Amino acid sequence: MNDIDFCVKQEAELDAYEEKHRRYYERGKKLIYLIAGTGLLWDIAKSLITHKFSLITIIIHTAVAVALIYGVSWIRYLYIVSCIIAIVAIVISIPSLIKYFAFLDNIWGELLTLMLVFVYTMATLIILFSKSVKEYMYRKKMERS
């Protein structure tokens, strides 16, 4: 009787473990799609706002987003590095942007800049530290193997 109880308990623990990792995978999938989609939407919005359409930039960012969705691990690190570089560049340029937007009497530019810093920071932190994203990337990697 003890062996049967032990097996039932062990099976229940295994089911709970698998369910937890399935939830991690699903949450990680949603986060990766959100991050990739946000990046692409930002590129499209930037093209529409500035009236400067760069097909090469859109193609590169689309390729990076697709690779991120497919779980290519080095793209994850490339995305993290590019977000960090963007954050540093934006933060360094904030004093000149404040003068520029003050000259234009436009607070929306300042808000958009701060929002962009926030989005890049959150994307970097999520990709870097999220267990869900790690589980998603690991499963995608195993699917390709």
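Details of the structure are given in the entry above.
(A) Inspection of the packing of helix H1 (residues 2-50) against helix H2 (residues 55-69) at higher detail. Orientation of H1 relative to H2, taken along the N-to-C sense of each, is 175 degrees, at an axis distance of 9 Å. If you check the angle between H1 and H2, you find them roughly antiparallel. Taken together, the residues of H2 that come into contact with H1 (itself represented by Ile-32, Tyr-33, Ile-35, Ala-36, Leu-40, Asp-43, Ile-44 and Ser-47) are Thr-57, Ile-58, His-61, Thr-62, Ala-65, Leu-68 and Ile-69. A breakdown of the residues in the contact of H1 with H2 according to their chemical character gives 10 nonpolar, 4 polar and 1 charged.

(B) Examining the pattern of salt bridges more closely. Throughout the structure, instances matching the rule amount to 4 salt bridges. Residue Glu-19 is joined to Arg-22 by a salt bridge in which the shortest nitrogen-to-oxygen separation is 2.6 Å. In this pair, Glu-19 and Arg-22 are both assigned in helix H1, 3 residues apart and thus about one turn of the helix distant. Owing to a relative accessible area of 31%, Glu-19 belongs among the partly exposed residues under this scheme. Given the relative accessible area of 38%, Arg-22 is considered partly exposed.

(C) Main features of H2. With 15 residues, H2 ought to run about 21 Å at 1.5 Å a step, and its terminal C-alpha atoms sit 21 Å apart, in line with that. Every buried residue of H2 is listed here: Ile-58, Val-64, Ala-65, Ala-67, Leu-68 and Ile-69.

(D) Main features of a nonpolar patch on the surface. Together, Ile-49, Leu-112, Met-115, Phe-118, Val-119, Met-122, Leu-125 and Phe-129 give the surface a local cluster of nonpolar side chains, amounting to about 740 Å² of exposed area. Considering each element in turn, the nonpolar patch owes the most residues, 7 residues, to helix H4 (residues 107-129). Along the chain, the position of Val-119 falls in helix H4. You can call Val-119 partly exposed: its relative accessible area is 31%.

(E) Fine view of H1. The terminal C-alpha atoms of H1 lie 71 Å apart, and with 49 residues this matches the ideal 72 Å at 1.5 Å per residue to within 8%. Listed as buried for H1 are His-21, Tyr-24, Tyr-25, Gly-28, Ile-32, Ile-35, Ala-36, Asp-43 and Ser-47. Just downstream of H1 lies His-51, where phi reads positive at about 60 degrees.

(F) Geometry of the nonpolar core. Counting residues in each nonpolar core, the largest one holds 19 residues, and the members touching the most others are Ile-32, Leu-68 and Tyr-79. Going through the elements one at a time, H1, H2, helix H3 (73-104), H4 and helix H5 (131-144) are the ones with two or more residues in this core. Take this core: its biggest share by element is 5 residues, from H2. With residues up to four places along the chain from it excluded, the contact list for Leu-68 reads Ile-32, Ile-35, Ile-75, Arg-76, Tyr-79, Ile-127, Tyr-136 and Met-137.

Calculation criteria
Residues numbered from 1 in each chain as written. Predicted model: local features only at pLDDT ≥ 70, side-chain atom pairs only at ≥ 80, totals over all residues. Heavy atoms only, no water. Axes fitted to C-alpha atoms, helices over the stretch in contact; angles between N-to-C directions. Helix = DSSP H or I, 4+ residues; strand = E, 2+ residues; numbered from the N terminus. Parallel < 35°, antiparallel > 145°, perpendicular 65-115°, else oblique. Contact = heavy atoms within 4.5 Å. Nonpolar A, V, L, I, M, F, W, Y, C, P; charged D, E, K, R; others polar. Salt bridge = Lys/Arg side-chain N within 4 Å of Asp/Glu carboxyl O. Buried < 20%, exposed > 50% of the residue type's maximum accessible area, 1.4 Å probe, protein only. Expected span 1.5 Å × (residues − 1). Patch = residues over 30% accessible without salt bridge, like charges linked within 9 Å, V, L, I, M, F, W, Y side chains within 5 Å. Areas by Shrake-Rupley, 256 points an atom, 1.4 Å probe, with all protein chains shown as cover. Core = buried A, V, L, I, M, F, W, Y, C linked by side-chain atoms within 4.5 Å.

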